[in-house]
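In case you want the letters, here they are:
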Amino acid sequence: MSKVLTFVLLSFVFVVNAQNVRHIETINDLWNFHKGTIEKPFSNNGTIGWEKVDLPHSWNKLDILDDEDGYYRGDGWYKKSLNIPEIYKDQQVFLLLEGANQVTSLYVNGKKVGKDHIGGYTAFTHDITSVLQPGANDIMIKVNNAHNDEIVPQAADFSFYGGIYRDIQLIITKPIHFEVANLGANAVFVTTPKVSKTLATVNVKSKLIRPKKGKYLVRQTLYDAKNTIVKQTVDKSSFGKEIISEFTLSNPNLWSPETPYLYKLVSEIIDKKETVLDRVENPVGFRWFHFDANKGFFINGKQTKLIGTNRHQDFYKKANAVSDEIHRNDMKLLKEMGINFLRIAHYPQDPAILEMCNKYGFVATLEIPFVDKAAANEAGKQNSINMLKEAIRFNYNNPAIVAWNLGNETTMKAPESFGEAYVKHFIDTHKSLAATIKAEDPTRASYSVFFREPAYQDQFGIRVTDIVGYNKYYGWYLNELDEIEGELRKLVKASLDLNPDKAFILSEYGGGADPRIRSYNPTRFDFSVEYQFFLHKEYMKAILKIPEIVGANVWNYADFQVEHRKDAVPHINNKGLLTADRKKKDAYYLYKALLNKKPFVAIASKGWKNRAGIADSETALVATQPFTIVGNSKDVELFVNGKSLGTKTFDFSTTTFEVPLKNGINLIEVISTQNGKILKDFASIEFTLQPKKLKSTENLFKEIAINVGSNCYFIEADNMDYLWMPDQAYVAGSFGYVGGEFLRNLSKKKNTIGTDVSVKGTDNDPIYQTQLIGIDAYKFDVPNGTYELSLLLAELKTKEDNIMDVKVNGENIWSNLNLKAQYGDDRGVAKRFLVTVENDNGITVDFKASKGKTRLSGIKLRKVN
Ligand code: GCB
Ligand code: CA
């Protein structure tokens, strides 16, 4: 009893003391920033013309998204005057930069400090004590994000944003302290060499910066999750030597995805009088794990299928300058979705990410940005090794991490195409990196991720890590949805045939979805939210069926910005389950229904609020459309405008109702019960009912917009959610096209609808990217009246000349139209015409080519009078 009391008191004393032994503060506010090179950086020219910025900061926040190719890659300068607080006598002062992309030089009072830091994603620390002066100190930091042959990434499907995009910490210690700058920023290394249900060993390696003389001790104190001391040891330190502290704990609370129990380890330097001189905290999680190539991943003896996502550090219009709050919110949304696995791709990320992986129980892998291609020269190899060491040392004490990944799709650019010297460095880099992982951290698996068939990698002998990952986009870049399971089985078998003991992770899979694109007839590469939903459903079925897929990560948690991407939204890779500004897409709810353990039901498409459709019949005042409901209960009842449509049973957490929708607001409600708990979701849908016959007197025609050449609806998000309907072949009494074919993308054996050209002069690329080629006419069987007719056109990547005439009801409205000659390449053009219909014949728009082919991307008709 009395012992417990002493411990409680002790811990109280420590907390008070803690303030006094190591000072850490962020210095993010009010930097002066200048983009570009500076002739005389240290001439006293002040900061006139400099911009005031706060960290995290990137100078590429907006230039990724504009219509111009490329983004600024060069120097950026940060400058600040800093008064260093006097905390201790003879204090040591450090600057820790959590991340700056990608070469960073530090100058204090005009003097260069240390070497340039190479690599944009790892933390590093400089000791600035010797260059400080009393009072104000000039801190200048130059960051450069230009391409550099000696630094990875050389190429990748993400943007290499420049800037100091993570926190800077000012760290002040006493002259005696735990080493701060050990290749990065951590020098206390915690492992748990033996863990079982009954006993765990903790091993702590540390190094002291201390005077030769004097007796200094290292005290390790382990606290449980209630902040109660459960163990304490004290070890002697001798000058210049690493200190190893080791102790055991019986009946440890184990860390696992279900119960991510964390202890806290406080490492202190004390003197004979037990005065605390320095203090460092680390999380400790007790778990043991292994990968079995046939049976899967085991943690604490329990087989656990690892399911989760990949994640980039990227946010809409913020580049990579993402706050800790956003990082933590991402992790919270993933927790809500129910994952137990996170691939931190394609580079080390903010400490906030791993903090939350530890707390939420996400098993994690972490990698360096050796992506697509090697920096194939000696310096490039050394830089890669160094980066990996920094990554491992800085992130070492996170129990969530189970594997270090040396690279991603490193054979993306066929090595042999760069010649022999490249191949040699390339192979050597893989081997050295794999060896570095084993040397730095034998407690975790080494890992590498590829995308080509296993045999391709083997010709170079680069499948040298403990486990392997594959990125495969069946049902997207290649193959159709119904081939996913078969293809995955073949791939896993090929990998295991070559290396029977290397566990297989499906490190990436997914497909793009633009929340503005919706379809009841989704097809591969149409970027509809619905296609993405079906794709993930097929993948999850297959992944859960194949035991040799030890783990899987969706590509990607959220959409991210890439300069060179030309998808539905140019510059955005939209394979996210959430948008780049973190709005949930339908597939997010599917995963939540499948993975999260709490009772859950949702209308998957509730984010799609403005809808339209053609009335079921000439006299009907409703149009019937499918609604998919997701949930983890047995069944669900759906109500539309208060009327029940009955109850349906979930199959693989999904079920679909055919719902009649009337013109105006429709309230959809779903109700389900699970273990006596009532679950509900609802959506309010604003519906535009289009008459089946445009001359209907019950339901008058007002306006229609058609996404010509597409099976998809398109929502003009930045235009009051204005809705474009999918196209149809002409139906008498209604509307539609006559003649022509949907434009298809035939490259890379895709044969998909539409094309992936970034269209100039518009944000509504998907309207223009889909079109009818060789169209003869577009017809609307509308009543007499005056109409506003809009035609949307674009000539995308055409070679030959195309000239056409457009007529309405026989009258020329647009003659000798040569889009390319008159408007330039790849530009969206929209024109409005007034048309009067008097003879009951409706509207026929005729297209006739005098050279090449006719085309049409979108058409809109509005009755004016
Ligand atoms: C991959 C890459 C990833 C890309 C992704 C894609 O395999 O590893 O960086 O973003 O494919 O979307 O194509
Ligand atoms: Ca179109």
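From a predicted model like this one, the values you see are computed outputs, not experimental measurements.

Enquirer: Just to check I follow, could you spell out the domain arrangement of the chain for this structure?
Expert: Interface extent is often summarised as the accessible area lost during association of the parts. In terms of domain boundaries, the chain breaks down into domain 1 (22-172), domain 2 (188-284), domain 3 (289-603) and domain 4 (700-865). Each of domain 1 and domain 2 was reduced to a C-alpha centroid, and the two centroids are 33 Å apart.

Enquirer: Before we go on, may I ask you to explain the layout of surface pockets in this structure?
Expert: Here the largest pocket is characterised by a volume of approximately 1,300 Å³. In terms of lining residues, the largest pocket is bounded by 40 residues, among which Ile24, Gln169, Glu281, Asn282 and Pro351 are the most central. Contributions of two or more residues to the lining of the largest pocket are made by strand 1 (23-26), strand 12 (168-173), strand 19 (263-270), strand 20 (276-284), helix 2 (324-337), helix 3 (351-360) and helix 4 (378-395). Examining the composition of the lining of the largest pocket, we find that six residues originate from one element, helix 3, more than from any other.

Enquirer: Hey, could you run me through the pattern of salt bridges in this one?
Expert: Opposite charge on two side chains permits pairing when their charged atoms draw close. This structure, assessed with the given rule, holds 43 salt bridges. Where Asp330 meets Arg582, a salt bridge forms, and the shortest distance between an N and an O atom there is 2.8 Å. Within this pair, whereas Asp330 is found in helix 2, its partner Arg582 is found in the loop between strand 34 (570-573) and helix 9 (586-595), the two being separated by 252 residues in sequence. Neither residue differs from the other here; Asp330 and Arg582 are each classed as buried. Overlapping salt bridges bring together Asp157, Arg565 and Asp567 as one network.

Enquirer: When you look at the packing of aromatic side chains in this model, what are you seeing that I'm missing?
Expert: Two aromatic rings are characterised by how far apart their centres lie and by the angle between their planes. Applying the stated rule across the entire model yields 40 aromatic pairs. Between Trp555 and Phe560, the ring centres sit 5.7 Å apart and the planes meet at 90°, which makes this aromatic pair edge-to-face. Across this residue pair, the class does not change: Trp555 and Phe560 are buried. On the numbers, 5.5 Å between centres and 35° between planes, the contact of Tyr778 with Phe780 is tilted. For the residue pair Tyr778 and Phe780, the accessibility class agrees, reading buried in each case. By the ring-pair criterion, three or more aromatic residues cluster together here, those being Tyr473, Trp476, Tyr477, Phe525, Phe527 and Tyr531. Lying across the ring of Phe657, Lys648 places its NZ or CZ 5.5 Å from the centre.

Enquirer: Looking at this structure, I do not really get the sheet that holds strand 20. What am I missing?
Expert: In any sheet, the strands associate via hydrogen bonds between backbone groups, in a parallel or an antiparallel arrangement. Here four strands make up an open sheet; going across it, the order is 17-16-19-20 and the pairing antiparallel. At either margin of the open sheet sits one strand with a lone partner, and together these are strand 17 (229-236) and strand 20. Averaged over all pairs of adjacent strands, the angle between strand axes in this sheet comes to 15°, irrespective of strand direction. In terms of strand pairing, strand 19 meets strand 20 through eight bridges, oriented antiparallel. Residue pairing in the sheet places Ser267 in a bridge with Val280 of strand 20.

Enquirer: Explain the UniProt feature "domain: Glycoside hydrolase family 2 catalytic" (unreviewed entry) in the chain here, please?
Expert: The UniProt feature table records "domain: Glycoside hydrolase family 2 catalytic" (unreviewed entry) at residues 294-595. The straight-line gap between the two end C-alpha atoms of residues 294-595 is 22 Å; of that span, 36% is helix and 22% is strand.

Enquirer: Which parts of the structure should I look at to understand the coordination of the calcium ion (ligand 2)?
Expert: Perfect tetrahedral coordination of a metal by four donors corresponds to 109.5 degrees between them, and perfect octahedral coordination by six donors corresponds to 90 or 180 degrees. Taken together, Asn707 (OD1), Val708 (O), Ile767 (O), Thr770 (O), Thr770 (OG1) and Ser857 (O) make up the full set of protein donors to the calcium ion (ligand 2), lying 2.3 to 2.5 Å away. Each of the six donor atoms around the calcium ion (ligand 2) contributes to a set of angles spanning 74 to 169°, which defines the coordination as irregular. All donors to the calcium ion (ligand 2) come from one chain, and their sequence spacing reads N-V-x58-I-x2-T-x86-S. Here Val708 is found in the loop between strand 43 (703-707) and strand 44 (713-716), whereas its partner Ser857 is found in the loop between strand 57 (855-856) and strand 58 (858-863), with 149 residues between them in sequence.

Enquirer: Explain the site of ligand 1 here, please?
Expert: Inspection of the region around ligand 1 gives 13 residues, with Asp157, Glu409, Tyr477, Glu508 and Lys575 positioned closest. Between Asn573 and ligand 1, the recorded distance is 2.8 Å, taken from a side-chain N or O atom to an oxygen atom. Here an oxygen atom of ligand 1 and a side-chain polar atom of Lys575 are 2.5 Å apart. Starting from 310 Å² of accessible surface for ligand 1 in isolation, the protein chains cover 93%. The residue inventory of the shell around ligand 1, partitioned by class, reads four nonpolar, four polar and five charged.

Enquirer: Explanation requested: empty space enclosed by the protein in the structure shown.
Expert: The gaps left among the atoms become clear once a water-sized probe is rolled over them. Evaluation of the coordinates by the stated rule reveals five cavities of 30 Å³ or more. Of the pockets and cavities examined, the largest cavity occupies roughly 200 Å³. Phe525, Asp526, Phe527, Ile753 and Thr770 are the residues nearest the centre of the largest cavity, which is lined by 21 residues in total. Secondary-structure elements contributing two or more residues to the lining of the largest cavity are strand 44, strand 49 (752-753) and helix 10 (765-769). Per-class residue counts for the lining of the largest cavity are nine nonpolar, nine polar and three charged. No fewer than three residues from each of domain 3 (289-603) and domain 4 (700-865) sit in the lining of the largest cavity. Taken as a whole, the second largest cavity holds about 70 Å³ of empty space. Along its surface, the second largest cavity is lined by Tyr121, Phe158, Ser159, Tyr161, His312, Gln313, Asp314, Asn320, Tyr347, Phe560 and Gln561.

Enquirer: Explanation requested: unusual backbone geometry in the structure shown.
Expert: Trans peptide bonds make up the majority, and among non-glycine residues the majority have a negative phi. That bond from Val152 to Pro153 is cis: its omega, 5°, falls within 30 degrees of zero. Take Pro153: it is sitting in the loop between strand 10 (136-144) and strand 11 (163-164). Here the bond from Ala345 into His346 is cis, since omega is -15°, no more than 30 degrees from zero. Relative to the elements of secondary structure, His346 occurs in the loop between strand 25 (341-344) and helix 3. Look at Ser653: it is not a glycine, yet its phi comes out positive at around 65°. Along the chain, Ser653 falls in the loop between strand 39 (643-649) and strand 40 (654-662). Unlike most non-glycine residues, Asn675 shows phi in positive territory, near 45°.

Thresholds applied
- Residues numbered from 1 in each chain as written.
- Chains lettered and ligands numbered in written order.
- Predicted model: local features only at pLDDT ≥ 70, side-chain atom pairs only at ≥ 80, totals over all residues.
- Heavy atoms only, no water.
- Domains from an automatic or database assignment.
- 1 Å grid on protein atoms, 1.4 Å probe; cavity = no way out; pocket = protein on both sides within 12 Å on 5 of 7 lines; lining within 4 Å.
- Points joined across faces, edges and corners; volume = space filled by probe spheres on them.
- Helix = DSSP H or I, 4+ residues; strand = E, 2+ residues; numbered from the N terminus.
- Salt bridge = Lys/Arg side-chain N within 4 Å of Asp/Glu carboxyl O.
- Buried < 20%, exposed > 50% of the residue type's maximum accessible area, 1.4 Å probe, protein only.
- Phe/Tyr/Trp six-rings, centres within 6.5 Å; stacked < 30°, edge-to-face > 60°.
- Lys NZ or Arg CZ within 6 Å of the ring centre and 35° of its normal.
- Pairing = 2+ DSSP bridges.
- Axes fitted to C-alpha atoms, helices over the stretch in contact; angles between N-to-C directions.
- UniProt positions renumbered as here; feature names shortened; annotations may be inferred.
- Donors = N, O, S within 2.8 Å, 3.2 Å for Na, K, Ca; no water.
- Tetrahedral: all angles 85-135°; square planar, octahedral: opposite > 155°, others 65-115°.
- Near = heavy atom within 4 Å.
- Polar contact = N/O pair within 3.5 Å; in protein donor to acceptor, adjacent residues only side chain to side chain.
- Areas by Shrake-Rupley, 256 points an atom, 1.4 Å probe, with all protein chains shown as cover.
- Nonpolar A, V, L, I, M, F, W, Y, C, P; charged D, E, K, R; others polar.

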